[in-house]
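Report on the structure
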Amino acid sequence: MLILPYTEVRENIWHIFEDQGVCCTLLRGRDLAVLVDTGYGVRNLRAFVEANISTPYMVINTHGHPDHVGGNHWFDCVYISREDMDTACFFIREDALQESCPMKPLTPGARLFLGGLTLEVIPMEAHTRGSIGLLVEEEKLLIAGDALNDWLWLFHYGSQSMDVLYDTLKKTMDLDFHTYLGGHSDREYTKAQILAHLRNIEHLTVDKGTIQSTMGFDTYTSTWQEEGHRSVISFTEDKIPERLIR
């Protein structure tokens, strides 16, 4: 049996370390289980999931980046937002990933009933145009993928503007949850971290001294720290808000 390290966030919610700092999440209801993201694909997540559940299950990608769809090939079918199918296909070709399984569209606003756990599909565009989160209603917990890491990236194919990010963060603050999980840490964040991201954008400075090459892109970095919460945003020049363009 494949053994993977994981954090038991709740009794029936496991945050799994797949490879190279990427996390996937397994939610186990009485009637249905959901695996959120499939990592790079170097681990047989299917074997792990099926060894640890006794129900049918579905697989959902939060977005189309290769470290979150790379393991799709282990499964028969994966759900992803229609808006991010193009992003997933781009990276599957670009990164020469193993042939992916069929992808089916998942509509933001949809609710999934697992038996004891209810999930709502939340639109969280910015990191990619079709990024989604999953709100676990009973636990007041948001599974946010890469939409809400403490280091946010706005570059590469499918990424959206800083203004879109700000709008998404504001809308997320209004959702009914207490903590959230990102795609690269087992830490549970509070909404105070989202506030730090908002303040970072509100006080954004475009400092050429921060330019570095990230995955082949020249990216700026803006950092904001308040009350123990640190926000870092990396972005390309085309993502600079209009108010800062002179």
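Higher on the page you've got the structure.
Fair warning: this is a prediction, and the values are worked out from it, not measured in the lab.

Turning our attention to the pattern of salt bridges. Overall, the coordinates contain eleven salt bridges when judged by the stated rule. Among the ionic pairs, Asp-19 bridges to Arg-43, the shortest N-O distance being 3.4 Å. Residue Asp-19 is found in strand E2 (residues 13-19), and its partner Arg-43 is found in the loop between strand E4 (33-36) and helix H1 (45-51); the two are separated by 24 residues along the sequence. Classification of Arg-43 as partly exposed rests on a relative accessible area of 34%. Arg-46 is paired through a salt bridge with Asp-76; the nearest N and O atoms lie 3.2 Å apart. With Arg-46 in helix H1 and Asp-76 in the loop between helix H2 (66-69) and strand E6 (78-81), this pair connects stretches of sequence that are 30 residues apart. One salt-bridge network, held together by shared partners, links Arg-10, Glu-139 and Glu-188.

Here Thr-87 lies in helix H3 (residues 82-94). Here Thr-87 is in contact with Gly-64, His-65, Thr-128, Arg-129, Tyr-157 and Gly-158, once residues within four sequence places are set aside.

Criteria and thresholds
- Residues numbered from 1 in each chain as written.
- Predicted model: local features only at pLDDT ≥ 70, side-chain atom pairs only at ≥ 80, totals over all residues.
- Heavy atoms only, no water.
- Salt bridge = Lys/Arg side-chain N within 4 Å of Asp/Glu carboxyl O.
- Helix = DSSP H or I, 4+ residues; strand = E, 2+ residues; numbered from the N terminus.
- Buried < 20%, exposed > 50% of the residue type's maximum accessible area, 1.4 Å probe, protein only.
- Contact = heavy atoms within 4.5 Å.

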